[in-house]
Amino acid sequence: MQWLIGACGALLVAGAAYWKQSLSLSGMLAAIVMGTIYFGAGNAFWFGILLLFFISSSLLSKLHHENKAELEATYDKTGRRDAGQVFANGGLGMLLVLLNAIYPLEIWGFLFIGVMATVTSDTWATEIGTLAKRPPRSVLTGKVLQAGTSGGVSLPGTLAAAAGGALIGAASWLLRAASGMPPHSLLTLALAGLLGGLAGAFADSVLGATVQRMNRCAVCGREVEASMHCGKPTLYARGWRWMDNDTVNAVSSIIGGVVALLASYI
């Protein structure tokens, strides 16, 4: 019955997201599979955190969407998430849900909070940071960068990342209580989400500034993630060729999860 409830809930949410064009067809199918596993093998804690990330990120992606159209053209993926993005953001969390179902340990829960705080913080930072009036600066050198450039950070984006991570941590306290899981203090969980989210988001920026694969537009000369820009195929510019945006997200999530776990011991 729990698996059936999870499947129905996932179908409802993913279907609505597809209708609102927040998910592509492949993204919708991936979200249905993922949501079913989150609830079927887990409970309201795991599924609720996933839902909070997805809904908040989808809403922010629509915020002043008309002002983000030019920037989205530089990204490898757009605001309409496909299966790759869905699994890059929620795949590690799904693995932790399954590990907890097979061999229950408290560490899986804290790792999960850090992983989901990271993807939430990173998404919130991107969506809010691109609307900042001042241009971002390089996370490595402090040099002023063009808006949307990988490796750039801004004060509004950083504050948004902190808020997103703290929200995941605080929500986990409520969802754990609702699921009948062993209690932890609100401060501990909020701190784990805050620190894990910030660590993961900054790791994403550092990876974007150093090893992420970047291309250069053959027409305007701009450095972009996308394989097409200005209507022409882009040329490889720098970074590890296999380190695309989805891989960067996955690596950053692991870092955020570890930091959240360490924060729980503090």
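Here, every reference points to the structure presented above.
This report concerns the structure included in the present document. Along each chain, numbering runs from 1 in the same order as the chain's sequence is written. Since the coordinates come from a predicted model, pLDDT governs what is reported: local features require at least 70, and pairs of side-chain atoms require 80 or more to be given and counted, while whole-chain, interface and lining totals use all residues. With hydrogens and water set aside, each side-chain value is computed from the structure's full complement of heavy atoms.

## Re the overall build of the chain
Then comes step 1: Of regular secondary structure, the chain possesses nine helices and seven strands.
Then comes step 2: The globule rule used here is 2.2 Å times the number of residues to the 0.38 power, and the radius of gyration it is set against is calculated over C-alpha atoms. Relative to the compact-globule value of 18 Å for 266 residues, the chain shows a C-alpha radius of gyration of 18 Å, a close match.
Then comes step 3: For the C-alpha atoms alone, the extent of the chain along its principal axes is close to 55 × 40 × 30 Å.
Then comes step 4: A total of 266 residues make up the chain; the buried ones form 50% of that total. The helix and strand labels rest on DSSP assignments: H or I over at least four residues marks a helix, E over at least two residues marks a strand, and numbering proceeds from the N terminus. Each residue gets one of three labels from its accessible area relative to the maximum for its type: buried under 20%, exposed over 50%, partly exposed in between, using a 1.4 Å probe on protein chains only.

## Comments concerning the nonpolar core
Then comes step 1: With 41 residues, the main nonpolar core has Y38, F45, W46, I49, F112 and M116 as its most contacted residues.
Then comes step 2: Secondary-structure elements contributing two or more residues to this core are α1 (2–19), α2 (25–40), α3 (44–61), α5 (83–102), α6 (106–129), α7 (155–179), α8 (186–210) and α9 (245–265).
Then comes step 3: Ranked by residue count, the leading element in this core is α6, at nine residues.
Then comes step 4: Contacts: residue pairs with any heavy atoms within 4.5 Å of one another. Among all residues touching M116, those that are not within four sequence positions of it are Y38, I49, L50, F53, N89 and I168.
Then comes step 5: Among buried residues, the Ala, Val, Leu, Ile, Met, Phe, Trp, Tyr and Cys ones that are joined through side-chain atoms within 4.5 Å form a nonpolar core. The next biggest cluster of nonpolar side chains, apart from the first, holds five residues, and it includes A125, A161, L198 and A201.

## Re the packing of α2 against α5
Then comes step 1: Whenever a helix is involved, its axis is fitted only over the stretch in contact; in every case the axis is a line through C-alpha atoms, and angles between N-to-C directions fall within 0 to 180 degrees. Where α2 meets α5, the axes come as close as 10 Å, and the angle between the chain directions of the two elements is 10°. Regarding the angle of α2 to α5, the classification is roughly parallel. Contact with α2, carried on its side by S26, G27, A30, A31, M34, I37 and Y38, involves A83, V86, F87, G90, G91, G93, M94, V97 and L98 of α5 and no other residues of that element. These descriptions rest on fixed angle ranges, namely under 35 degrees for roughly parallel, over 145 for roughly antiparallel, 65 to 115 for roughly perpendicular, and the rest for oblique.

## Some details on the pattern of salt bridges
Then comes step 1: Whenever a carboxyl oxygen of Asp or Glu lies within 4 Å of a side-chain nitrogen of Lys or Arg, that contact is scored as a salt bridge. Tallied over the full model, the rule gives three salt bridges.
Then comes step 2: Its salt-bridge partner being R216, residue E223 comes within 3.7 Å of it at the nearest N-O pair.
Then comes step 3: The residue E223 makes a salt bridge to R238 at a minimum N-O spacing of 3.1 Å. In this pair, E223 sits in strand β4 (residues 223–224) while R238 sits in strand β7 (residues 235–238), placing the two residues 15 residues apart along the sequence.

## Here we look at the sheet that holds β4
Then comes step 1: Paired strands are those between which DSSP finds at least two bridges. If you trace the three strands from one edge of the open sheet to the other, you get β4-β3-β7, paired in antiparallel fashion. Each edge of the sheet is formed by a strand with only one pairing partner; in this case those strands are β4 and β7.

## Considering the environment of L261
Then comes step 1: Note that L261 resides in helix α9.
Then comes step 2: Those residues within four positions of L261 in sequence are excluded, and the remaining contacts are I107, F110 and L111.

## Some thoughts on the packing of aromatic side chains
Then comes step 1: Two rings from Phe, Tyr or Trp (for Trp, the six-membered ring) form a pair when their centres sit within 6.5 Å of each other. Planes less than 30 degrees apart are called stacked, planes more than 60 degrees apart edge-to-face, and all others tilted. Applying the stated criterion to the full structure yields six aromatic pairs.
Then comes step 2: For the pair W46 and F112, a centre-to-centre distance of 4.7 Å together with 55° between the ring planes defines the contact as tilted. In this pair, W46 is assigned in helix α3 and F112 in helix α6, connecting sequence segments 66 residues apart. Note on accessibility: W46 and F112 belong to one class, buried.
Then comes step 3: Through a chain of ring-to-ring contacts, three or more aromatic side chains come together here, namely Y38, F45, W46 and F112.
Then comes step 4: We note R176 situated over the ring of F45; from NZ or CZ to the ring centre the distance is 5.7 Å.
Then comes step 5: Charges are assigned to positions over rings by a cutoff of 6 Å between ring centre and Lys NZ or Arg CZ, combined with an angular limit of 35 degrees from the ring normal. When the ring centre of Y236 is taken as origin, the NZ or CZ atom of R241, which lies over that ring, is 3.7 Å away.

## A look at α6
Then comes step 1: Its 24 residues place the ends of α6 34 Å apart at the C-alpha level, agreeing with the 34 Å of an ideal helix rising 1.5 Å per residue.
Then comes step 2: For α6, a buried count of 20 out of 24 residues is recorded, marking the element as mostly surrounded by other parts of the structure. Helix span is expected to be 1.5 Å times the residue number reduced by one.

## Side note on the environment of T188
Then comes step 1: Within the secondary structure, T188 is located in helix α8.
Then comes step 2: Look at T188 and you get partly exposed, because its relative accessible area is 25%.
Then comes step 3: Apart from the residues lying within four places of it in its own chain, the contact partners of T188 are F110 and S264.

## Quick look at the packing of α8 against α9
Then comes step 1: For the pair α8 and α9, the least separation of the axes is 7 Å and the interaxial angle reads 150°. Between α8 and α9, the interaxial angle falls into the category roughly antiparallel. Two packed elements cross with a definite hand, and for α8 against α9 that hand is right-handed. Note on element contacts: α9 touches α8 through V248, N249, V251, S252, I255, G256, V259, A260, A263 and S264, opposite T188, L191, A192, L195, G196, A199, G200, A203, D204 and L207.
Then comes step 2: Each residue is assigned to one of three groups, with Ala, Val, Leu, Ile, Met, Phe, Trp, Tyr, Cys and Pro labelled nonpolar, Asp, Glu, Lys and Arg labelled charged, and all others, Gly among them, labelled polar. Residue composition of the contact of α8 with α9, grouped by class: twelve nonpolar, seven polar and one charged. What makes a crossing left-handed is the near helix being turned counterclockwise from the far one by less than a right angle; a clockwise turn instead makes it right-handed.

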